[in-house]
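# What the coordinates show
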Amino acid sequence: MYTITDEAPMLATHSFLPIVQAFTKSSGITFETKDISLAARILANFADMLPANQQVPDALAELGTLATTPEANIIKLPNISASVPQLTAAIKELQAQGYALPDYPADAKTDEEKAIKATYAKVLGSAVNPVLREGNSDRRAPKAVKNYAKAHPHSMGAWTADSKSHVASMTEGDFYGSEKSVTIAAPTTFSISFEGADGSTKILKDASPLEAGEIIDSSVISMSQLKAFIAKEIADAKATGVLFSVHLKATMMKISDPLIFGAFVEVFFKDVFEKYADTFTALGVDTKNGLGDVYAKIKGTEKQAEIEAALEAAITAGPDLAMVNSDKGITNLHVPSDVIIDASMPAMIRNSGQMWNKEGKSQDTKAVIPDRCYAGVYQATIDFCKTNGALDPTTMGSVSNVGLMAKKAEEYGSHDKTFQIEAEGTVKVTNGEGTVLMEQVVEAGDIFRMCQVKDAPIQDWVKLAVNRAKATDNPAIFWLDEVRAHDSEIIKKVDTYLKDYDTTGLEIKILAPIDATTYSLERIVKGLDTISVTGNVLRDYLTDLFPILEVGTSAKMLSIVPLMNGGGLFETGAGGSAPKHVDQFLTENHLRWDSLGEFLALGVSLEHLGETYNNAKALVLAEALDIATEKFLENDKSPSRKVNELDNRGSHFYLSMYWAKALASQTKDEELKAIFTPVFEQMSSNEATITEELVAVQGTTMDIGGYYKPSAEATYAAMRPSTMFNTIIDSL
Ligand SMILES: NC(=O)C1=CN([C@@H]2O[C@H](COP(=O)(O)OP(=O)(O)OC[C@H]3O[C@@H](n4cnc5c(N)ncnc54)[C@H](OP(=O)(O)O)[C@@H]3O)[C@@H](O)[C@H]2O)C=CC1
Ligand SMILES: O=C(O)CCC(=O)C(=O)O
Ligand SMILES: [Mg+2]
């Protein structure tokens, strides 16, 4: 199964998948596509409102079911995890294309509106990955990728001890400070209720199942303390002349983080929000959607100019704001999904700890990460760079990751258990027998969050960690903080399950995240490799952080999810869908997206297929693809960032040529040899023509009939512009 997703990876698929299908056809392998793009997911969820000819199947649900079966073999490209602004843009585009979808009812009042909003909620945020990830995560940089980075190091900004860049976090009143955790002894249920100081009660979540061995936790971030903290950090950034920036994961932590993001907007523009409180309420301004929502809602109203001037004045009076796009005036506070911590913090660290100011220049930065659970990892990395200078890609070692992820583990499964509290009182988590398992004292506006992690995934995660340690002989470090209630429960299980394995000779340690960061960095500068074994959030953070520092991008990672029931989910890299790349593609028909992650995923997918079904041809194809990928790296055929040079499409041509060559050169399968010998011959003798055709089309604006749902025909035409190359591929 091959997923069709969004933005840059979706464009790339239109070039690469036809090649893959052509190369594997003669081996009896078919690639079925499943459209899980944001647009397709919207249409699938509203099928009952659409005429038959516009309905699409729920491909995500189908894949989710498949992921629990031993037969699963899924190649998963990155998809949009939509924020509300992205969702509304996608709805608008689909409506314009003739789909009679309802508008997104941000402020749903009637039952009908509430039902529509609930349906849209299903496609909001990280609605795809948690459904498919029925296993834990194994992400690492393959040897060939590391070797490539050593030979062709990416740019790395210098670090000096006098850098003013730092991470700012709360010192109390955050999730970290309030966490409680319990391990469940016997199967039961839990419910979450609120008891107001005034004696009122409210059920927040009805009874839901709990398995024996499951670890649950709860924590609260205090809205008043958060806002006081933000105000203090804004003042400090202004006083010390650093850029002010916010780093959250508003897509994956889709309930808590947009609320926290909104608090930043409200505090930064406090006077404006106070002055225009009534206007903003009447217009339905929603700060969870960022400053961009304020601009959008005031547009065309009588007060537009006046409020814009007030916002502008607040920006001028405040500290310099980190910019997403200084040319277009888009700040860090505009859209909650524009600055996502996993990618944004490493990009800043790679750039000497600096982000971009409104003049488009780099400047030292205060990176505000309110909660302390994981923020210290970034400060420790910054401290390390300030002391030791920038890391050196030509010599540095590698940090791979084994991540606890299966069955919506930990914070990533917390959406249905996260609530903004309306009044002062207590939130209680009660089991089926009526015993209160955890309670948290709250005030109005606070955010309460409860998480779960099941026992089977933890056992599988420990096993995967031991397997990786054995396979590599590298130390495996569990990044767990014994002073955190949740981590201390996990530590008990890790200690227990490690006893199931013979770990003689292996170095397996448990270190708190900050110590684990320093430990791994001290090894990395010596060229030594370390395995990070982490929970779900650190899995996400570290698999962008280390790859971006080591190999320039997380797009080049091997990203395997060994599914717990025996199937394989092969993710293509560890990064996202790169909206910036689409902008460039639409303005100048150059796609700088690097598909290396896709080549690697395809290789392991074919290998899995070959091994599971005894398909010798699949194994030959996989081996040849591996050789081709190495050659591809050696010869530096990755896409360039600049127009009129080899781009994503050209990189696919080279991969194909090397793949054909490897198939022509092998001797394990004579049939494949016979098929691919002339193919390689045609490709290599027409190399100049093909690359010319692929570059000649560049430099013009593009229209593929949509952003979220482009026309398939126009996209294929755009992504397969070489007649010569198409003729060779289509003849297979
Ligand atoms: N697995 C998944 O489905 C994931 C999905 N996402 C989603 O992706 C979207 C964008 O997220 P964002 O945080 O901006 O992160 P991205 O990883 O999409 O982008 C960050 C930057 O990383 C670089 N990059 C990423 N992938 C590639 C690639 N294949 N080739 C070359 N460069 C690459 C680009 O840098 P440059 O601009 O310098 O070229 C890009 O602008 C969001 O909707 C997010 O939710 C995010 C992570 C994982
Ligand atoms: O699912 C998402 O929203 C993002 C996933 C992600 O960033 C990751 O798994 O690294
Ligand atoms: Mg990530």
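Residues numbered from 1 in each chain as written. Chains lettered and ligands numbered in written order. Predicted model: local features only at pLDDT ≥ 70, side-chain atom pairs only at ≥ 80, totals over all residues. Heavy atoms only, no water.

### Observations regarding the packing of aromatic side chains
- Summed over the entire model, instances satisfying the criterion amount to 19 aromatic pairs.
- Taking the centre distance of 4.6 Å and the plane angle of 15° together, the rings of Phe 23 and Trp 659 count as stacked. With Phe 23 in helix 1 (residues 7–25) and Trp 659 in helix 24 (residues 648–665), the pair connects residues that are 636 residues apart, well separated along the chain.
- Seen from their ring centres, Trp 461 and Phe 478 are 5.2 Å apart, and the 85° between their planes marks the pair as edge-to-face. Here the residue Trp 461 occupies a position in helix 17 (residues 455–472), and Phe 478 occupies one in strand 20 (residues 476–479), the gap between them amounting to 17 residues. Considered together, Trp 461 and Phe 478 belong to a single accessibility category, that of buried residues.
- By the ring-pair criterion, three or more aromatic residues cluster together here, those being Phe 244, Phe 264, Phe 268 and Phe 269.
- When the ring centre of Tyr 654 is taken as reference, the NZ or CZ atom of Lys 637 above it lies at 4.4 Å. (Phe/Tyr/Trp six-rings, centres within 6.5 Å; stacked < 30°, edge-to-face > 60°. Helix = DSSP H or I, 4+ residues; strand = E, 2+ residues; numbered from the N terminus. Buried < 20%, exposed > 50% of the residue type's maximum accessible area, 1.4 Å probe, protein only. Lys NZ or Arg CZ within 6 Å of the ring centre and 35° of its normal.)

### Description of the site of ligand 2
- Taken together, Ser 81, Ser 126, Asn 129, Arg 133, Arg 139, Lys 249, Met 252, Asp 342, Arg 539, Asp 540 and Ala 574 make up the full set of residues near ligand 2.
- Between ligand 2 and Asn 129 there is a distance of 2.5 Å, counted from an oxygen atom to a side-chain nitrogen or oxygen.
- In the model, an oxygen atom of ligand 2 is placed 2.8 Å from a nitrogen or oxygen of the Arg 133 side chain.
- Looking at the shell around ligand 2, its residues break down into two nonpolar, three polar and six charged. (Near = heavy atom within 4 Å. Polar contact = N/O pair within 3.5 Å; in protein donor to acceptor, adjacent residues only side chain to side chain. Nonpolar A, V, L, I, M, F, W, Y, C, P; charged D, E, K, R; others polar.)

### Regarding the site of ligand 1
- As a matter of local geometry, ligand 1 sits amid 22 residues, with Gly 576, Ala 578, His 581, Arg 592 and Asp 594 nearest to it.
- Taking Ser 577, its main chain carries an N or O atom lying 3.0 Å from an oxygen atom of ligand 1.
- Within the complex, the protein chains bury 84% of what would otherwise be the 870 Å² of accessible surface of ligand 1.
- The dominant element in the shell around ligand 1, judged by the number of residues it contributes, is helix 21 (residues 579–588), at three residues.
- Broken down by class, the residue content of the shell around ligand 1 amounts to eight nonpolar, nine polar and five charged. (Areas by Shrake-Rupley, 256 points an atom, 1.4 Å probe, with all protein chains shown as cover.)

### A word on the UniProt feature "binding site: Mg(2+)" (unreviewed entry) in the chain
- Residues given the UniProt feature "binding site: Mg(2+)" (unreviewed entry) here are Asp 342, Asp 540 and Asp 544. A stretch of 203 residues holds the annotated residues, and the largest C-alpha distance among them is 6.9 Å, short enough that they meet in one place.
- Within the secondary structure, Asp 342 sits in helix 15 (residues 341–350).
- Note on Asp 342: relative accessible area 8%, which makes it buried.
- Apart from residues lying up to four places away in sequence, Asp 342 is in contact with Lys 249, Tyr 378, Asp 540, Tyr 541, Asp 544 and Leu 545.
- Position of Asp 544 relative to the elements: it lies in helix 20 (residues 536–551).
- The class of Asp 544 is buried, set by a relative accessible area of 3%.
- Once residues within four sequence positions are removed from consideration, Asp 544 is found in contact with Asp 342, Ala 343, Pro 346, Ser 554, Ala 574 and Gly 575. (UniProt positions renumbered as here; feature names shortened; annotations may be inferred. Contact = heavy atoms within 4.5 Å.)

### Some remarks on the UniProt feature "site: Critical for catalysis" (unreviewed entry) in the chain
- The UniProt record marks Lys 249 and Tyr 412 with the feature "site: Critical for catalysis" (unreviewed entry), using the residue numbering of this structure. Taken together, the annotated residues stretch across 164 residues yet fold into one region, lying no more than 10.4 Å apart by C-alpha.
- If we ignore the near neighbours within four places in the chain, the residues touching Lys 249 are Asp 257, Ile 340, Ile 341, Asp 342, Tyr 412 and Asp 540.
- As for its position among the elements, Tyr 412 is in the loop between strand 15 (399–403) and strand 16 (418–420).
- For Tyr 412, a relative accessible area of 4% corresponds to the buried category.
- Excluding its chain neighbours within four sequence positions, the residues that come into contact with Tyr 412 are Lys 249, Met 252, Met 253, Asn 536, Val 537, Arg 539 and Asp 540.

### Some words on the coordination of the magnesium ion (ligand 3)
- The protein atoms that coordinate the magnesium ion (ligand 3) are Asp 342 (OD) and Asp 540 (OD), at distances spanning 2.0 to 2.1 Å. Here Asp 540 lies in helix 20 and Asp 342 lies in helix 15, a separation of 198 residues in the sequence. (Donors = N, O, S within 2.8 Å, 3.2 Å for Na, K, Ca; no water.)

### Here's the deal with the sheet that holds strand 6 (residues 180–183)
- With antiparallel pairing, the four strands of this open sheet are ordered in space as 6-9-19-16. Because the sheet does not close on itself, it has two edges, and the strands there are strand 6 and strand 16. Looking at each pair of strands side by side, their axes are set apart by 10° on average, direction ignored.
- By the bridge criterion, four bridges tie strand 6 to strand 9 (residues 215–221) in an arrangement that is antiparallel. Looking across to strand 9, one finds that Ser 181 is bridged to Asp 217. (Pairing = 2+ DSSP bridges. Axes fitted to C-alpha atoms, helices over the stretch in contact; angles between N-to-C directions.)

### Points about the pairing of strand 17 (residues 425–431)
- Of all seven residues in strand 17, seven are buried; the element is thus mostly enclosed.
- Here strand 7 (residues 188–196) pairs with strand 17 via seven bridges, running antiparallel. Looking at the pairing, Ile 192 lines up with Val 429 of strand 17.
- As paired strands, strand 17 and strand 18 (residues 436–442) are joined by six bridges and run antiparallel to one another.

### A few points about the sheet that holds strand 8 (residues 201–210)
- A sheet is described by the order of its strands in space; here four strands give the open sequence 8-7-17-18, paired in antiparallel fashion. Looking at strand neighbours, the two that pair on one side only are strand 8 and strand 18, the edges of this open sheet. This sheet shows a mean twist of 15° between the axes of neighbouring strands, independent of strand direction.

### Digging into helix 22 (residues 596–612)
- Along its 17 residues, helix 22 runs 24 Å from first to last C-alpha, staying within 8% of the 24 Å computed at 1.5 Å per residue.
- Of all 17 residues making up helix 22, 14 are buried, and the element is well covered by its neighbours.
- Just beyond helix 22, the residue with positive phi is Asn 614, at close to 55°. (Expected span 1.5 Å × (residues − 1).)

### As for the side chain of Ser 37
- Mapped onto the elements of the fold, Ser 37 is located in the loop between strand 2 (33–35) and helix 2 (38–45).
- Each residue touching Ser 37, except ones within four places of it in the same chain, is listed here: Ile 4, Thr 5 and Asp 6.

### Here we look at the packing of helix 22 against helix 23 (residues 616–634)
- Two numbers describe how helix 22 lies on helix 23: the axes approach to 8 Å, and their chain directions differ by 160°. When the axis of helix 22 is compared with that of helix 23, the two are roughly antiparallel. When the axes of helix 22 and helix 23 are compared, the crossing they make is left-handed. Mapping the contact onto sequence places Leu 596, Phe 599, Leu 600, Leu 602, Gly 603, Leu 606, Glu 607, Leu 609, Gly 610 and Glu 611 in helix 22 and Ala 618, Leu 619, Leu 621, Ala 622, Leu 625, Thr 629, Phe 632 and Leu 633 in helix 23. (Parallel < 35°, antiparallel > 145°, perpendicular 65-115°, else oblique. Left-handed = near helix turned anticlockwise from the far one by under 90°.)

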